[in-house]
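Descriptive structure summary
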Amino acid sequence: MALRIDITGVPAEQLRFVASPLAELTAMLHVLAEPGHHPRLAVWAGEVWAGMPAELAERLREAEFLWRSSRADFLVPARPRHSLAEELDDVDRIDDEQYVTSALTTTCGSNRVRFGAPSPLADAAARERALDLAQARGAVQEAFAERLLADPAAVRARVRHTLQQCGEAFFDAAWTGVAAHLASDLRLKNELLKRRSVAAALASVSGAVSLAPDGDHIVVDKLQDAATTADGTGITFIPSAFGRPHLVAIHAPGWQPVVQYPVAEPSAADPVPMETVARRLEALAHPVRLRLLRTLARGPHTTGELARAWELSSPEVSRHLAVLRRAGLLTAQRRGRYVHYTLDSAELATLGTDLLAAVLR
């Protein structure tokens with residue numbers, strides 16, 4: 001499962017690494033809406049909520065689906081500017097059709113309002129469908145969708161004002177605190193891109209981002225299978241100090257590809273690919289393999305020992321051990337004529353964490 005971004009013929013200068021105040025504010029807003037995703041930032045989130053003016057808190061709650069479970073595309077800009085105000089000016093230049101489609105996609109649930117479908121601003125059936133989907137998501141989403149479709153200009157102005165208010169309330173101070181860290185990360189990425197290769201720069205972004213062997217595609221390990229192209233527009237990579245563990249990818253038709261990635265932390269391990277997590281879950285789904293693991297948890301065993309312990313044939317045990325080894329859950333060591341298999345308890349212990357990280361990514 002992955003997002004594939006076609007970069008065939010895209011010049012190196014169109015692979016951009018640049019910071020975005022708006023994208024980082026959006027990451028902060030997600031932390032405030034979903035603090036459970038970000039336990040290391042729980043204290044920060046609590047302090048922000050405690051010191052936030054009541055009116056701003058109300059405004060954030062009425063629009064939180066723009067950044068809670070997914071991000072409205074216009075909140076992660078493909079052409080970042082130096083200031084939040086400049087980026088909000090760029091959002092103002094997006095036409096109502098594109099803005100509403102992006103906002104309703106988030107409001108009504110990811111991928112439910114399709115780009116290129118009849119416009120809910122002009123088509124009565126599309127409008128009713130959008131409202132029905134929003135209603136299913138809850139009263140707050142329904143009310144937002146109704147206001148947006150009735151008066152897009154008023155809702156857009158309100159959302160902008162809300163984001164501006166965040167500056168004084170918490171964003172300006174937080175941005176000042178992380179700007180140097182983001183700048184250091186960008187220097188590294190751009191140096192790798194300039195001095196070494198695209199592959200090296202991508203490898204430094206995340207273990208979940210890589211250059212395909214053909215060199216024509218960037219592969220982003222995500223839960224869904226999707227594809228887009230950077231032809232004619234390029235692709236933008238935006239570092240985030242508040243984004244971990246999420247790897248946000250903008251790839252909807254009509255939008256330039258953007259990847260917002262968490263900056264590296266000294267103690268952070270490389271993310272485990274979703275394919276590896278799925279392989280391990282599949283390996284553990286078989287009752288015989290679970291029995292074998294229970295025995296191996298007590299110490300190293302040979303194939304013959306396992307076969308006798310569970311009254312199985314040696315070939316059958318070998319097949320199950322091969323599955324567990326491919327999943328990275330066993331180690332093997334030859335001792336004379338025999339191969340002893342051992343449970344890799346560290347890998348098994350992190351499976352829940354790896355699964356959560358892969359799902360949130």
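Now for helix α7 (residues 139–150). End to end, α7 covers 16 Å across twelve residues, agreeing with the expected 16 Å (1.5 Å per residue, within 8%). Looking only at α7, the buried set comprises Q141, F144, A145, L148 and L149. One face of α7 carries all of its buried residues, which in axial projection span an arc of 125 degrees. For α7, the exposed residues set more than 90 degrees away from the buried face come down to A139 and A150.

Turning next to the side chain of H38. On the secondary structure map, H38 appears in the loop between α1 (21–33) and α2 (42–51). Judged by its relative accessible area of 1%, H38 is buried. A polar side-chain atom of H38 sits 3.4 Å from a polar atom in the side chain of H30. For H38, the contacting residues outside a window of four places in its chain are H30, V31, F242, G243, R244, P245 and H246.

This part covers the pairing of strand β8 (residues 258–262). Two faces belong to every sheet, and in a regular strand the side chains alternate between them. In terms of residue burial, β8 counts as a mostly covered element, since five of its five residues are buried. Alternating positions in β8 separate into two faces, V258, Q260 and P262 on one and V259 and Y261 on the other, with burial throughout. Bridge count for strand β6 (residues 235–240) against β8 is five bridges, and the pairing is parallel. Note on β8: the bridge partner recorded for P239 is Y261. One ladder, built from three bridges, connects strand β7 (residues 248–250) with β8; its direction is antiparallel. Counted as the bridge partner of I250 is V258 from β8.

A separate point is the nonpolar core. Within the largest apolar cluster, 84 residues are counted, with the highest numbers of intra-cluster contacts made by W44, L66, F170 and F242. When residues of this core are assigned to their parent elements, the largest contribution, 13 residues, is made by helix α8 (residues 152–195). Once residues lying within four places of it in the same chain are set aside, the contact partners of F242 are E24, A27, M28, V31, H38, L41, W44, A174 and V178. Judged by nonpolar contacts, the second largest core, of 21 residues, contains V288, L292, A327 and L329.

Time to look at the sheet that holds strand β2 (residues 15–17). The sheet built from four strands is open, its strands ordered β2-β6-β8-β7 with mixed pairing. Single-partner strands in this sheet number two, and they are β2 and β7. The mean inter-strand angle of the sheet, taken between neighbouring strand axes irrespective of direction, is 15 degrees. Packing against the sheet, α8 makes contact with β2, β6 and β8, and its axis sits at approximately 155 degrees to β2. Strands in contact with helix α9 (residues 198–205) are β2, β6 and β8; relative to β2, the strand with the most contacts, it is inclined by about 40 degrees.

A separate point is the sheet that holds strand β3 (residues 209–211). The strand order across the open sheet formed by four strands is β3-β4-β1-β5, and the pairing between neighbours is mixed. One side of each edge strand has no neighbouring strand; the edge strands of this open sheet are β3 and β5 (226–229). Each neighbouring strand pair of the sheet contributes to a mean axis angle of 20 degrees, computed without reference to strand direction. Bridge analysis of strand β1 (residues 3–6) against β5 gives four bridges, and the strand direction is parallel. By the bridge assignment, I5 is partnered in β5 with T228. Here α9 sits on the sheet in contact with β3 and β4 (217–220), set at roughly 170 degrees to β3.

Procedures and definitions
- Residues numbered from 1 in each chain as written.
- Predicted model: local features only at pLDDT ≥ 70, side-chain atom pairs only at ≥ 80, totals over all residues.
- Heavy atoms only, no water.
- Helix = DSSP H or I, 4+ residues; strand = E, 2+ residues; numbered from the N terminus.
- Expected span 1.5 Å × (residues − 1).
- Buried < 20%, exposed > 50% of the residue type's maximum accessible area, 1.4 Å probe, protein only.
- Arc of directions from axis to C-beta.
- Polar contact = N/O pair within 3.5 Å; in protein donor to acceptor, adjacent residues only side chain to side chain.
- Contact = heavy atoms within 4.5 Å.
- Pairing = 2+ DSSP bridges.
- Core = buried A, V, L, I, M, F, W, Y, C linked by side-chain atoms within 4.5 Å.
- Axes fitted to C-alpha atoms, helices over the stretch in contact; angles between N-to-C directions.

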